[in-house]
Amino acid sequence: MKKITGFVCLMISFISLNAQGLKVTGDLKNLPDNTEVTLMNGVTSQEVAKGVSKNGNFILSGKTESATVFILGFKGMKQQIPLFIGNDNITVNGDLTEATTLKFSGSVSHDIYQDYIAVLTPLIDPYLKSMQANQVETNAVKKDSLTKLSNELGTNVTNAFLKLTNKYNESPVSTLFLLQFANMFPVIKDGLPSIYASFSGDAKKGPFADILDKTVSSAELGKIGTVLPEFKQNDATGKSVSLSSFRGKYVLIDFWASWCGPCRRENPNVIKTYARFKDKGFEIYGVSLDQDKSAWLKAIEADKLVWKHVSDLQYWNSVAAQAYQVSAIPMTFLLDKEGKVIAKGLRGEALDQFLTNLFSGK
């Protein structure tokens, strides 16, 4: 999983929109004259507005149907600034080369986003480092110590997160963070229905609230012991591959994408697990949420993913992802030989250990 500054940049925040359009006014030091400044929708990658800087100043105007994360970019420069805004009038001031100096005003959702980042980043960074260290540690005693440390640090993160959701229980920013944290922490995932029930107002409006509504109402989908709905998608050659074609083997349905950092970092763990158990009746059915076929295939080759891969190249509109209520990736479902769910959301060592126990009992 990326650092919080990474994965938050991919999340969307929805607020009640005013009638006026979107306007971003900048006054930035170290911004050369005549630099092309663009505002891109961080989810669709569509350009919303474009302008040119003069004396460090620029003004971008546009309109959006709903508040979302936008990326403020500067041609020829590596700096990018994420903005959680709707049809707001937001100003950005500071030194472009020093991210910590940037000041924002004019967007309530962006203010809340910054509060989440300020509180959670110092907690989640050491947690992720401990998890990474745990994955590569081979000494049993040290590994046990790292596991305890990771659990303690994870508790610190989730406690802080729950305090923020309580503070901002009417904000759609909390709705988006709930979606992300439910995918990261089992305790949040298990408590998702009750946490979401405590939300009100704008936190229960918009497309991402709709996802949570469906997630809570369809909790039976993917429940242990149930059979998942059948689906089929094409592989790289255009050949249709159905889920039912894996019957008779244990199969891991792995939802991922070339653009998903956490997925790509998880791939080496999946490769090791696949190598250990492929000759024991274990297979992987990789379902990509890519849009760009070339990027999808390059990622498969670069990461050396040797199992079966399919994609309808429909991004989050993937038929399979929607049918299975997949709202964040990576996401996995482990099925037995009859196609029944025996585990879900397994990653890294948890997946390896589950399969070890499974096959050792045969």
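Up top is the structure.
These notes cover the structure that comes with them. From a predicted model like this one, the values you see are computed outputs, not experimental measurements.

Thresholds, definitions, all that
Each residue is numbered by its place in its chain's sequence as written, counting from 1. Reporting of local features is limited, given that this is a predicted model, to residues whose pLDDT is at least 70; pairs of side-chain atoms are given and counted only at 80 or more, and all residues count toward the totals for whole chains, interfaces and linings. Based on all heavy atoms of the structure, the side-chain values leave hydrogens and waters out of the count. The criterion for strand pairing is that DSSP finds at least two bridges linking the strands in question. Think of it this way: any DSSP run of H or I at least four residues long counts as a helix, any run of E at least two long counts as a strand, and we number them from the N terminus. Each axis is a line fitted through C-alpha atoms, and for a helix only the stretch in contact is used; angles between axes span 0 to 180 degrees, taken between their N-to-C directions. When the sulfur atoms of two cysteines come within 2.5 Å, that pair is taken as a disulfide. Whether a residue is buried, partly exposed or exposed follows from its accessible area with a 1.4 Å probe, protein chains only, as a fraction of its type maximum: under 20%, in between, or over 50%, in that order. Expected helix span is given by 1.5 Å per residue-to-residue step, counting one fewer step than there are residues. Bend is computed residue by residue as the angle between axes fitted to the seven residues ending at the residue and the seven residues starting at it. Here, a salt bridge means any side-chain nitrogen of Lys or Arg that lies within 4 Å of a carboxyl oxygen of Asp or Glu.

Here we come to the sheet that holds strand β6 (residues 80–85). Within the open sheet, the four strands sit side by side as β3-β2-β5-β6. Their pairing is antiparallel. A strand with exactly one partner marks an edge of an open sheet, and here the two such strands are β3 (47–52) and β6. The average angle at which neighbouring strand axes cross in this sheet is 20°, direction not considered. Strand direction decides the pairing type here: strand β5 (residues 68–74) and β6, joined by six bridges, are antiparallel. Residue pairing for β6: glycine 73 is matched across the bridge by glutamine 80.

Disulfides are covalent bonds that connect the sulfur atoms of two cysteines. The final tally for this structure, using the stated rule, is one disulfide. The disulfide bridge from cysteine 260 ends at cysteine 263, spanning 2.3 Å between sulfur atoms. Taking the sign of the torsion about the S-S bond as the criterion, the disulfide between cysteine 260 and cysteine 263, at about 75°, is right-handed. Here cysteine 260 matches cysteine 263 in class, with each residue buried.

The terminal C-alpha atoms of helix α2 (residues 108–136) lie 42 Å apart, and with 29 residues this matches the ideal 42 Å at 1.5 Å per residue to within 8%. Of all the bends in α2, the greatest reaches close to 45° and is centred on leucine 120; the proline proline 122 follows between one and four positions later.

For the structure shown, the criterion picks out seven salt bridges. A salt bridge links lysine 148 to aspartate 144, with the nearest nitrogen and oxygen atoms 3.6 Å apart. Of the two residues, lysine 148 and aspartate 144 both sit in helix α3 (residues 140–167), four residues apart, roughly one turn of that helix. The exposure class of lysine 148 is exposed, given its relative accessible area of 51%. A relative accessible area of 41% means that aspartate 144 is categorised as partly exposed. A salt bridge links arginine 276 to aspartate 352; the nearest nitrogen and oxygen atoms lie 2.5 Å apart. With arginine 276 in helix α8 (residues 261–277) and aspartate 352 in helix α11 (residues 348–360), this pair connects stretches of sequence that are 76 residues apart. Given the relative accessible area of 45%, arginine 276 is considered partly exposed.

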